[in-house]
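Structural features, examined
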Amino acid sequence: MKKLTLNTLTLSISLALASTAFASDFSDMDPVTLRLAHVVNEQDGFHIAAVKFQDLVSERTEGAVSIELYPNASLGDERTLLEGMQIGTVDMGVITNGPVANFVEEMAVFELPFLFPSPQAAYDVLDGPIGQELLDKLSGVNLKGLAYAERGFRNLTNSERPVNTPEDMDGLRIRVMENPVYVDTFRALGANAIPMAWTEALTAMQQGTIDGQENPVNVVHSFKLNETQNYMTLSRHTYAPAIFVMGMPAWTKLPEAAQDVLAQAAQEAAEHEREVNAEMASRQLAELREAGMQVNDNPDISAFQAAVAPVYEKYGKQFGDYLPRIQEALK
């Protein structure tokens, strides 16, 4: 049995190498242009990942596959983009994990509060068997998961007061993504959690109809949220992946060699974005402080962790065996 397994593995490696060897020959392929959309601006990590992906695909397919980029929600919000991919009106995107979890519920396991202790711990799980297994589940809803980029560790901002403990959040109107885990997390912390699309949230903050939001430092910086948000708490309450995702209608039209290039390019672009995000975060935080934002570096994390225990009780079993498998992998 072991010999058979070894032979099968050897064959798989040989086929993979053969596929890679011939992947550079796209001379007979009809040129294809794929539209890649996301909802943030050109300074954001999503766009950095998308540009890297665009360059790698063009180079490795010898121009046979071109990627057109549509930032700034120009083709719709994230749910609209995912629905467009399913029916073929949008080809692909870099999409925050939260909205993706509305299509494959188990994807939301990654966003349980305080699950990952560090970025590297998250990468090990996402790039390993558990992460790949969940990407593969997207095929059941007519989507193709390619790789995990990142939104990053999310932090709280608000316009009303400093937040150091859950008690400080009592009654704050906080925008969260349209995802039940986020909604219940912030309700457990005492906030008035208001799910809405990001495009709507920007207007709501300007108009004062919400008090705050939660996002990584790079989002706070790139959207100049310091202009409406006076306080930031580095709560690092959730690590949010983002998905390089395609619609199956676009994916299935591509030859296998092109599919191989897209999958590998997505992974490399995702890793590139992670590195850039890490480099930018400290500089961006310093600039936000200089712009007048009050930043709490050391909130009472243990108090926050205790407050969200009901979220684990409610959702733990909902994700099947994924939560215990992730917890075991993190040990």
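Residues numbered from 1 in each chain as written. Predicted model: local features only at pLDDT ≥ 70, side-chain atom pairs only at ≥ 80, totals over all residues. Heavy atoms only, no water.

1. Brief notes about empty space enclosed by the protein
- Counted by the stated rule, this structure contains three cavities of 30 Å³ or more.
- Estimates place the volume of the largest cavity at around 150 Å³.
- Lining the largest cavity are 14 residues, with Glu 78, Pro 99, Glu 178, Ala 197 and Trp 198 sitting closest to its centre.
- Elements that contribute at least two residues to the lining of the largest cavity include exactly α3 (78–87) and α8 (198–207).
- Of the residues assigned to the lining of the largest cavity, the class counts are seven nonpolar, two polar and five charged.
- In this model, the second largest cavity occupies a volume close to 100 Å³.
- What lines the second largest cavity is simply Val 39, Val 40, Glu 78, Thr 96, Arg 151, Arg 154, Arg 175, Met 177, Trp 198, Asn 215 and Val 219.
- Per-class residue counts for the lining of the second largest cavity are five nonpolar, two polar and four charged. (1 Å grid on protein atoms, 1.4 Å probe; cavity = no way out; pocket = protein on both sides within 12 Å on 5 of 7 lines; lining within 4 Å. Points joined across faces, edges and corners; volume = space filled by probe spheres on them. Helix = DSSP H or I, 4+ residues; strand = E, 2+ residues; numbered from the N terminus. Nonpolar A, V, L, I, M, F, W, Y, C, P; charged D, E, K, R; others polar.)

2. Structural notes on helix α14 (residues 322–330)
- Every buried residue belonging to α14 is among Tyr 322, Leu 323 and Ile 326, and all of these are buried. All buried residues of α14 project into a common sector of 100° when viewed along the axis, lining one side.
- The inward-facing, buried residues of α14 abut α5 (119–126), α6 (129–137) and α13 (309–315). (Buried < 20%, exposed > 50% of the residue type's maximum accessible area, 1.4 Å probe, protein only. Arc of directions from axis to C-beta. Contact = heavy atoms within 4.5 Å.)

3. Here we look at the environment of Glu 167
- Residue placement: Glu 167 occurs in the loop between β4 (143–158) and β5 (173–176).
- Exposure remark for Glu 167: the relative accessible area of 60% places this residue in the exposed category.
- For Glu 167 and Phe 304, which are 137 residues apart along the polypeptide, the C-alpha to C-alpha distance reads 9.5 Å.
- A distance of 3.0 Å separates a polar atom in the side chain of Glu 167 from a polar atom in the side chain of Thr 165. (Polar contact = N/O pair within 3.5 Å; in protein donor to acceptor, adjacent residues only side chain to side chain.)

4. Comments concerning the pairing of strand β8 (residues 231–247)
- β8 sits mainly inside the fold: 16 of its 17 residues count as buried.
- Taken together, the five bridges between strand β3 (residues 92–96) and β8 define a ladder with antiparallel strand orientation. Paired with Gly 93 across the strands is Val 245, a residue of β8.
- In the sheet, β8 pairs with strand β9 (residues 294–296) via three bridges, with the strands oriented parallel. Opposite Tyr 231, over in β9, you have Gln 294 as the bridge partner. (Pairing = 2+ DSSP bridges.)

5. So, helix α2 (residues 45–60)
- Helix length check: α2, at 16 residues, gives a terminal C-alpha distance of 22 Å against a target of 22 Å (1.5 Å per residue), a fit within 8%.
- Here α2 has its buried residues at Gly 45, Phe 46, His 47, Ala 49, Ala 50, Phe 53, Leu 56 and Val 57.
- Where α2 starts, the residue carrying a side-chain oxygen 2.8 Å from the main-chain nitrogen of Phe 46 turns out to be Asp 44.
- Within two residues after α2, Glu 62 carries a phi angle of roughly 55°, on the positive side. (Expected span 1.5 Å × (residues − 1).)

6. Re the packing of aromatic side chains
- One pass over the structure, following the stated rule, counts seven aromatic pairs.
- Centroid distance Trp 198 to Phe 223: 5.4 Å. Interplanar angle 85°. Geometry classified as edge-to-face. Linking Trp 198 in helix α8 with Phe 223 in the loop between α9 (217–222) and β8, this pair joins segments that are 25 residues apart in sequence. Of the two residues, Trp 198 and Phe 223, both sit in the buried class.
- Ring geometry for Tyr 315 versus Phe 319: centroids 6.4 Å apart, planes at 20°, classification stacked.
- Taking the relative accessible area as the measure of exposure, Tyr 315 reaches 3% and is therefore buried.
- Classification of Phe 319 by relative accessible area gives buried; the value is 1%.
- Seen from the ring of Tyr 70, Arg 35 lies directly overhead, with NZ or CZ sitting 5.4 Å from the centre.
- Its guanidinium or amino end placed over the ring of Tyr 123, Arg 274 lies 4.2 Å from that ring's centre, counting from NZ or CZ. (Phe/Tyr/Trp six-rings, centres within 6.5 Å; stacked < 30°, edge-to-face > 60°. Lys NZ or Arg CZ within 6 Å of the ring centre and 35° of its normal.)

7. Re the packing of α2 against helix α11 (residues 256–290)
- Interhelical geometry of α2 versus α11 gives an angle of 145° and a closest axis separation of 8 Å. The element α2 and its partner α11 pack so that their crossing is right-handed. Within the contact between the two elements, α2 uses Gly 45, Phe 46, Ile 48, Ala 49, Lys 52, Phe 53, Leu 56, Val 57 and Arg 60 and α11 uses Val 261, Leu 262, Gln 264, Ala 265, Ala 266, Glu 268, Ala 269, His 272, Glu 273, Val 276, Asn 277 and Met 280.
- Residue composition of the contact of α2 with α11, grouped by class: 13 nonpolar, four polar and four charged. (Axes fitted to C-alpha atoms, helices over the stretch in contact; angles between N-to-C directions. Left-handed = near helix turned anticlockwise from the far one by under 90°.)

8. Quick notes on the pairing of strand β6 (residues 192–195)
- In terms of strand pairing, β5 meets β6 through four bridges, oriented parallel. Following the sheet pairing, Val 176 is matched in β6 by Pro 195.
- Note that the unit made of β5, helix α7 (residues 180–188) and β6 has a crossover that is right-handed. (Right-handed = clockwise from strand over helix to strand, strands pointing away.)

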